[in-house]
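For reference, the chains in residue letters:
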Amino acid sequence: MVNNGLAIVLSFKILVTTAAWVIPLVFFPEKLLAKLQFELKPLMYGRLLGVAYSSLLVGYGHGLYSVLAENTYPRHIVWMGLVSNGGAFTVLLSEILNKMSSGKKPKVVEVASTIAVGLISLGLLIFGPLSN
């Protein structure tokens, strides 16, 4: 039996990725992205990143469906999420620590993203491989 914790983590991932990354990167005008501290030069790469994130959402959606409708454990989706979010957490945390060690202040979007992908990674680990 698959636990509800995994469904909550996958739902949170889908919601956060859609609201904080896909919609802004794909649809927001460049000036608004700059106000929100997104550094995208050239903008096209940010748009492509938003599309790539949306493709990951397809996988997470299938994983959520597996949990809720089929009561099965979506092993491949969980591992995809661990690599994606764990890797993002490592890169973002490294960037923040490098900035802080040189006396610079990290951006709010960097800190918020680091916390979000860290929590998602932890949730996937706890409700994924550690519980199955």
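Novice: Would you explain the packing of aromatic side chains in this entry?
Specialist: Both the distance between ring centres and the angle between the ring planes are used here to describe each pair of aromatic rings. Using the criterion set out here, one finds two aromatic pairs in the structure. Between Trp-21 and Phe-38, the aromatic rings sit 5.2 Å apart at their centres with planes inclined by 80°, giving edge-to-face as the arrangement. Within this pair, whereas Trp-21 is found in helix 1 (residues 4-27), its partner Phe-38 is found in the loop between helix 2 (30-35) and helix 3 (43-68), the two being separated by 17 residues in sequence. What makes Trp-21 partly exposed here is its relative accessible area of 22%.

Novice: What is the right way to look at helix 4 (residues 75-101) in this model?
Specialist: Counting along an α-helix, one turn takes 3.6 residues, and residues three or four places apart therefore face a common direction. Between its terminal C-alpha atoms helix 4 stretches 38 Å, which fits the 39 Å expected from 27 residues at 1.5 Å a residue. Of all the positions in helix 4, only Ile-77, Val-78, Gly-81, Leu-82, Asn-85, Ile-96 and Lys-99 are classed as buried. Against helix 1, helix 3 and helix 5 (108-127) lie the buried residues of helix 4. In the segment just after helix 4, Gly-103 is the residue with positive phi, at about 85°.

Novice: Is there a simple way to think about unusual backbone geometry in this case?
Specialist: The phi torsion of most residues other than glycine is negative, and most of the peptide bonds are trans. Of note, the amide linkage connecting Lys-41 to Pro-42 takes the cis form, showing an omega dihedral of -10°. By the element assignment, Pro-42 lies in the loop between helix 2 and helix 3. Of note in this structure, Gln-37 is not a glycine but carries a positive phi near 70°.

Novice: So what exactly am I meant to see when it comes to the layout of surface pockets here?
Specialist: Each pocket or cavity is described by its volume, and for the largest pocket that value is around 710 Å³. At the level of elements, helix 1, helix 3, helix 4 and helix 5 are the ones that each hand at least two residues to the lining of the largest pocket. Element by element, the count of residues in the lining of the largest pocket is highest for helix 4, at seven residues. Class assignment of the residues belonging to the lining of the largest pocket gives a composition of 17 nonpolar, six polar and six charged.

Novice: Would you mind showing me how to read the environment of Leu-130 here?
Specialist: Within the element layout of this structure, Leu-130 appears in the segment after helix 5. Taking relative accessible area as the criterion, Leu-130 reaches 63% and is therefore assigned exposed. The spacing of Leu-130 and Val-67 is 63 residues in sequence and 16 Å in space, taken between C-alpha atoms.

Rules used in this analysis
Residues numbered from 1 in each chain as written. Predicted model: local features only at pLDDT ≥ 70, side-chain atom pairs only at ≥ 80, totals over all residues. Heavy atoms only, no water. Phe/Tyr/Trp six-rings, centres within 6.5 Å; stacked < 30°, edge-to-face > 60°. Helix = DSSP H or I, 4+ residues; strand = E, 2+ residues; numbered from the N terminus. Buried < 20%, exposed > 50% of the residue type's maximum accessible area, 1.4 Å probe, protein only. Expected span 1.5 Å × (residues − 1). Contact = heavy atoms within 4.5 Å. 1 Å grid on protein atoms, 1.4 Å probe; cavity = no way out; pocket = protein on both sides within 12 Å on 5 of 7 lines; lining within 4 Å. Points joined across faces, edges and corners; volume = space filled by probe spheres on them. Nonpolar A, V, L, I, M, F, W, Y, C, P; charged D, E, K, R; others polar.

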